[in-house]
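These are the residues of each chain, in order.
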Amino acid sequence: MLNNQDLSRCNTFGLPCVAQTLFRFEQVSQLSALSAAIKEYAQHRVLGGGSNVIMHPDLPGLTIQVANKGIRLLCEHDNFWLVEAGAGEVWHDFVAYTLEQGWYGLENLALIPGTVGAAPVQNIGAYGLELEQRVHSVLAWNLLEGALYEFSAEECEFSYRDSMFKRAQPGTWLIVAVRFRLPRQWQPLLQYPDLRDHVSLQAAPTAQAVFDAVCEVRRTKLPDPAKVGNAGSFFKNPVVQAKQYAVLRTQHPNVVAYAQADGRYKLAAGWLIDQAGWKGREAGAVAMHPRQALVMTNCGGAVLEDVLNLAQQIQSDVQQKFGVQLEQEPVLYA
Ligand code: FAD
Ligand code: NAP
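Owing to the predicted nature of the structure, the values given are computational and were not obtained by experimental measurement.

1. Some points on the site of ligand 2
Step number 1: In the vicinity of ligand 2 lie 19 residues, with Tyr 160, Arg 161, Tyr 192, Lys 266 and Gln 292 positioned nearest.
Step number 2: Within the contact set of ligand 2, an oxygen atom lies 2.6 Å away from a side-chain nitrogen or oxygen of Tyr 160.
Step number 3: Separating an oxygen atom of ligand 2 from a side-chain N or O atom of Gln 292 is a distance of 2.3 Å.
Step number 4: The fraction of the free accessible surface of ligand 2 (800 Å²) that becomes covered by protein chains is 81%.

2. What about the packing of aromatic side chains?
Step number 1: Applying the stated criterion across every chain, the model contains 15 aromatic pairs.
Step number 2: Ring geometry for Phe 94 versus Phe 180: centroids 5.0 Å apart, planes at 40°, classification tilted. In this pair, Phe 94 is assigned in helix 2 (residues 91-101) and Phe 180 in strand 12 (residues 173-183), connecting sequence segments 86 residues apart. Accessibility classification places Phe 94 together with Phe 180 in one group, the buried group.
Step number 3: Where Phe 234 meets Phe 235, the ring centres are 5.3 Å apart and the plane angle is 75°; that geometry is what we call edge-to-face.
Step number 4: Within the aromatic cluster, the residues linked to one another by ring pairs are Tyr 149, Phe 151, Phe 165 and Trp 173.
Step number 5: It is Arg 181 that lies over the ring of Phe 80; its NZ or CZ is 3.9 Å from the centre.
Step number 6: For the cation-ring pair, Arg 281 lies above Trp 278, with the distance from its terminal atom to the ring centre recorded as 3.8 Å.

Cut-offs applied
Residues numbered from 1 in each chain as written. Chains lettered and ligands numbered in written order. Predicted model: local features only at pLDDT ≥ 70, side-chain atom pairs only at ≥ 80, totals over all residues. Heavy atoms only, no water. Near = heavy atom within 4 Å. Polar contact = N/O pair within 3.5 Å; in protein donor to acceptor, adjacent residues only side chain to side chain. Areas by Shrake-Rupley, 256 points an atom, 1.4 Å probe, with all protein chains shown as cover. Phe/Tyr/Trp six-rings, centres within 6.5 Å; stacked < 30°, edge-to-face > 60°. Helix = DSSP H or I, 4+ residues; strand = E, 2+ residues; numbered from the N terminus. Buried < 20%, exposed > 50% of the residue type's maximum accessible area, 1.4 Å probe, protein only. Lys NZ or Arg CZ within 6 Å of the ring centre and 35° of its normal.

Spelled out as structure tokens, the structure:
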């Protein structure tokens with residue numbers, strides 16, 4: 001346990017933050033001690049790579065930093081590889097490793113920051129692939145009960161950028177490992193325009209080519225958190241009923257939306273923010289990125305108040321202009 005730990009470099013937005021006490025979780029044998037330790041504190045929380053959190057400057061109680069490693073092939077089925085990764089593995093490195101082994105299927109999720117253990121929390125997704133499509137099961141420790149569970153993909157209740165882990169009372173679950181079901185009959189997923197139209201993916205692309213293209217596109221479009229603080233998309237794409245979409249389309253014929261399997265429509269939040277006049281605009285020490293209106297950036301020295309104020313102004317403007325409520329994606333750590 002370490003007291004008064006500076007976490008300003010442990011969140012990709014670069015917000016100033018000091019944790020009262022930090023516990024680095026590195027191996028499963030620490031779990032029972034961890035469940036005993038949380039009883040000594042009024043509050044506790046779980047931290048991965050800090051790429052989907054907005055931090056309060058003072059974090060009281062215990063902050064658990066997940067850092068347990070290990071990747072292993074559990075078994076080879078006729079149709080899939082079953083691969084397990086420790087929660088503290090770096091997500092992108094894990095994706096690259098699976099490709100090196102010839103276990104394909106995660107390449108569309110390349111270059112997403114953060115850890116393996118956080119990936120099921122918001123069911124990470126990019127370029128037409130969501131984590132749930134590759135999850136076999138999730139091993140999670142219930143910190144309050146002191147017991148280990150294995151949840152099937154169905155039991156994780158995954159939905160768009162959401163899961164039962166994200167909805168649970170914070171501090172209930174510590175994901176220890178994730179088991180992936182990676183298909184032996186691999187097919188590229190190229191429905192997103194940036195991949196469909198990519199010059200390197202026109203003829204029988206390999207998984208490595210898809211991985212390389214995803215990395216290249218992301219490096220071009222998105223700010224690198226190592227250089228410009230950000231937490232990725234600041235808002236989720238709102239999913240609305242067909243009736244609401246029809247009204248919106250009458251008022252705004254250019255509205256960008258995608259039909260969902262359940263009949264609803266996913267609106268591109270970046271388009272709504274752009275049309276509300278916020279793309280590239282600064283407010284205090286934060287701004288909405290000029291190339292990607294959905295990404296809020298730290299212009300230098302931003303504090304939590306700057307972030308919450310800008311988020312609130314955008315939500316209010318989008319609500320007023322389109323009648324659509326934007327939901328914040330990063331988790332507020334307080
Ligand atoms: P953290 O930010 O540390 O934590 C996020 C949440 O998960 C918190 O509630 C935390 O308590 C919980 N958590 C973390 N680890 C565990 C664990 N082991 N057990 C239980 N709970 C845990 N997301 C996408 O979905 N798609 C993208 O394409 C994408 N691109 C991004 C690009 C950039 C530049 C950035 C900065 C972010 C992007 N994100 C994206 C968001 C983010 O990278 C993902 O949500 C990622 O999975 C967060 O991982 P993390 O380890 O940093 O989690
Ligand atoms: P993009 O490809 O320019 O697309 C803009 C928006 O339209 C995205 O939000 C995407 O929804 C949606 N979209 C595009 N083509 C679609 C299709 N064929 N079917 C359904 N929806 C479609 O987006 P981008 O900003 O460059 O990001 C590329 C991918 O990386 C996206 O999947 C995005 O979610 C992901 N990403 C996520 C974060 C994050 O922090 N969450 C940050 C950066 C990038 P979806 O967002 O639902 O895919």
